[in-house]
Amino acid sequence: SFMADEMQKKKTASGIEFDLRKLVAAHPYLPFGTVVKVTNLSNKKNVNVTIIDVGPFVKGRIIDVSFEAAKRLGFVEEGSVMVRVDVISLGNGSVNPEAL
């Protein structure tokens with residue numbers, strides 16, 4: 001799924017201000033600063049995003065991407081799609097302690 005307008009300009013768990021035009025995402029346990037490639041399994045479009053927040057908080061979801069990433073992945077209309085997440089580089093930021 002993707003994070004929309006209500007998150008705009010709010011501080012994320014990493015301390016970074018959320019900008020829906022950036023290629024960023026929330027993940028439940030990857031360290032902040034991790035770069036992942038997200039691939040939309042229905043159309044094979046992909047984009048690299050940086051993990052800056054914790055989430056999603058909906059059962060069965062593994063990543064929330066920014067609006068810009070959702071646009072590039074082609075699923076703004078659907079709201080959520082099945083994706084593949086591949087780690088490109090592991091960040092050195094903190095992780096969600098509840099995921100440990």
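Treat the numbers as computed from the prediction; the structure is a model and nothing was measured. (Residues numbered from 1 in each chain as written. Predicted model: local features only at pLDDT ≥ 70, side-chain atom pairs only at ≥ 80, totals over all residues. Heavy atoms only, no water.)

Student: Got a minute to help me understand unusual backbone geometry in this structure?
Tutor: Of the consecutive residues Gly-55 and Pro-56, the connecting peptide bond is found in the cis state with omega at -5°. Relative to the elements of secondary structure, Pro-56 occurs in the loop between strand E4 (46–53) and strand E5 (64–66). Located in the positive-phi region is Lys-44, a residue other than glycine, with phi close to 65°. Along the polypeptide, Lys-44 turns up in the loop between strand E3 (35–40) and E4. (Helix = DSSP H or I, 4+ residues; strand = E, 2+ residues; numbered from the N terminus.)

Student: For this particular structure, what's the right way to read the side chain of Thr-34?
Tutor: Mapped onto the fold, Thr-34 is located in the loop between strand E2 (24–26) and E3. For Thr-34, a relative accessible area of 0% corresponds to the buried category. From its side chain, Thr-34 meets the backbone oxygen of Pro-31 in a polar contact 2.8 Å long. From its side chain, Thr-34 meets the backbone nitrogen of Gly-91 in a polar contact 2.8 Å long. Excluding residues that lie within four positions of it along the chain, Thr-34 makes contacts with Val-49, Thr-50, Ile-51, Val-87, Ser-89, Leu-90 and Gly-91. (Buried < 20%, exposed > 50% of the residue type's maximum accessible area, 1.4 Å probe, protein only. Polar contact = N/O pair within 3.5 Å; in protein donor to acceptor, adjacent residues only side chain to side chain. Contact = heavy atoms within 4.5 Å.)

Student: Would you take a moment to explain the pattern of salt bridges for this structure?
Tutor: A pair can form between side chains of opposite charge whenever their charged atoms are brought close. Considering all chains together, one arrives at four salt bridges under this definition. Notably, a salt bridge pairs Glu-68 with Arg-72, separated by 2.9 Å at the nearest N-O pair. With a gap of four residues between them, Glu-68 and Arg-72 both fall in helix H1 (residues 67–73), about one helical turn apart. The buried category is assigned to Glu-68, whose relative accessible area is 14%. A salt bridge links Asp-86 to Arg-84, with the shortest nitrogen-to-oxygen separation between them at 2.9 Å. Since its relative accessible area comes to 22%, Asp-86 is described here as partly exposed. Members of the salt-bridge network, linked through shared partners, are Glu-68, Lys-71 and Arg-72. (Salt bridge = Lys/Arg side-chain N within 4 Å of Asp/Glu carboxyl O.)

Student: What's the story with the side chain of Asp-19 in this structure? I'm lost.
Tutor: With respect to the element layout, Asp-19 can be found in the loop between strand E1 (2–3) and E2. Among the polar contacts made by the side chain of Asp-19, one reaches the main-chain amide nitrogen of Arg-21 at a distance of 2.9 Å. Not counting residues up to four positions away in its chain, the partners in contact with Asp-19 are Gln-8, Val-24 and Ser-66.

Student: Help me understand the pairing of E4 in this model?
Tutor: Consecutive side chains of a regular strand alternate in pointing toward one face of the sheet and then the other. Inspection of the sheet shows E2 paired to E4 by three bridges, in the parallel sense. If you follow Ala-25 over to E4, its bridge partner there is Ile-51. With five bridges connecting them, E3 and E4 associate as antiparallel partners. Its bridge partner being in E4, Val-38 is matched across the sheet by Val-47. Taking the residues between adjacent antiparallel strands as the criterion, E3 and E4 are bridged by five residues, where Lys-44 takes a positive phi near 65°. (Pairing = 2+ DSSP bridges.)

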